[in-house]
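# Coordinate analysis (summary)
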Amino acid sequence: MNNKNIKEEFINAFGEEKWNELEILKPLQDAVDLVCKEYLGIEPIPVVFEALSEDVARYDFKLQAIILNNKYKDDYLEVLDGCLHELEHHWQRIYIANNDTPKARRWKKEFENYDKYNQTQEIEIDACAFSQVILSCEFGLTYKHPNNYIQVLIDDYIRSRKILLDD
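Conventions used here
Residues numbered from 1 in each chain as written. Predicted model: local features only at pLDDT ≥ 70, side-chain atom pairs only at ≥ 80, totals over all residues. Heavy atoms only, no water. Helix = DSSP H or I, 4+ residues; strand = E, 2+ residues; numbered from the N terminus. Expected span 1.5 Å × (residues − 1). Bend = angle between axes of the 7 residues up to and from the residue. Buried < 20%, exposed > 50% of the residue type's maximum accessible area, 1.4 Å probe, protein only. Contact = heavy atoms within 4.5 Å. Pairing = 2+ DSSP bridges. Axes fitted to C-alpha atoms, helices over the stretch in contact; angles between N-to-C directions. Phe/Tyr/Trp six-rings, centres within 6.5 Å; stacked < 30°, edge-to-face > 60°. Core = buried A, V, L, I, M, F, W, Y, C linked by side-chain atoms within 4.5 Å.

### Some points on helix 2 (residues 16-40)
Its 25 residues give helix 2 an end-to-end C-alpha distance of 35 Å, which sits within 8% of 36 Å, the value for a rise of 1.5 Å per residue. The sharpest bend along helix 2 measures roughly 30 degrees and falls at Leu-25, with the proline Pro-27 sitting one to four residues further on. Listed in full, the buried residues belonging to helix 2 are Trp-19, Glu-21, Ile-24, Leu-25, Leu-28, Gln-29, Ala-31, Val-32, Val-35, Cys-36 and Leu-40. Downstream of helix 2 by a residue or two, Gly-41 has a phi angle that is positive, lying close to 65 degrees.

Encoded structure:
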């Protein structure tokens, strides 16, 4: 069976919207797999689209998966940034579970007292910084946080090299 027949059969069974979703998910999953292998040294996790109420993306701790808001399917940069941001939250959990450093203790406390609307938490600044560095270095893309104040914090975090330190 050739690729054209596979596509036609898939569309007949699941619909063209699901086929288009797969076409969008493939490069995103490939990006997550690459970053897991080359940067984080961890096993890749799945990326899926779902109907989310407001966020571009979220990390499902229970399923260990990145959930993308299907409203953003057509904004590749936004969903790639969301994937990388949520992937860093996954790695943060792994880091906390395997380390007893000052950073691990701070991050653990922030996760225990997580405030979805406080974007100045270190775990959020770290995830934003990670995403921006990977987008730039690996993909040649630029993404800035929509809130200029938060972007200043992210830029300071990157410049301080805290993204690399265990303190």
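### Topic: the environment of Val-32
Among the structural elements, Val-32 can be located in helix 2. Its relative accessible area of 0% is what places Val-32 among the buried residues. For the pair Val-32 and Arg-106, spaced 74 residues apart in sequence, the C-alpha to C-alpha distance is 26 Å. With residues up to four places along the chain from it excluded, the contact list for Val-32 reads Ile-45, Val-47, Ile-66, Cys-83 and Leu-87.

### Side note on the sheet that holds strand 3 (residues 65-69)
Spatially, 3 strands are ordered 1-3-2 in an open sheet, and the strand pairing comes out mixed. A strand with exactly one partner marks an edge of an open sheet, and here the two such strands are strand 1 (47-50) and strand 2 (57-60). Ignoring strand direction, the axes of neighbouring strands in this sheet form an average angle of 30 degrees. Both strand 2 and strand 3 contribute to a ladder of 4 bridges, which runs antiparallel. In the strand pairing of strand 3, Asp-60 is matched with Ala-65. Sheet strands touched by helix 2: strand 1 and strand 3. Its angle to strand 1, the strand with the most contacts, is close to 140 degrees. Taken strand by strand, helix 3 (residues 76-98) contacts strand 1, strand 2 and strand 3, and its axis lies near 25 degrees from that of strand 2.

### Points about the packing of aromatic side chains
One pass over the full model with this rule turns up 5 aromatic pairs. Residues Trp-91 and Trp-107 carry aromatic rings whose centres are separated by 6.2 Å and whose planes lie at 75 degrees to one another, so their mutual orientation is edge-to-face. On the criterion of sequence distance, the pair formed by Trp-91 in helix 3 and Trp-107 in helix 4 (residues 102-112) is long-range, its members being 16 residues apart. On the accessibility criterion, Trp-107 (0% relative accessible area) is buried.

### Here's the deal with the nonpolar core
Grouped together as the largest cluster of nonpolar side chains are 26 residues, with contacts concentrated most on Leu-28, Val-32, Ile-66, Leu-68 and Leu-87. Put simply, the parts of the chain that give this core at least two residues each are helix 2, strand 1, strand 2, strand 3, helix 3 and helix 5 (122-139). Tallying contributions element by element places helix 2 first for this core, with 8 residues. The residues touching Ile-66, leaving out its near neighbours within four places in the chain, are Val-32, Ile-45, Pro-46, Val-47, Val-48, Arg-58, Cys-83, Glu-86 and Leu-87. Of all hydrophobic cores here, the second largest spans 12 residues; its members include Tyr-95, Ala-104, Phe-111 and Ile-154.

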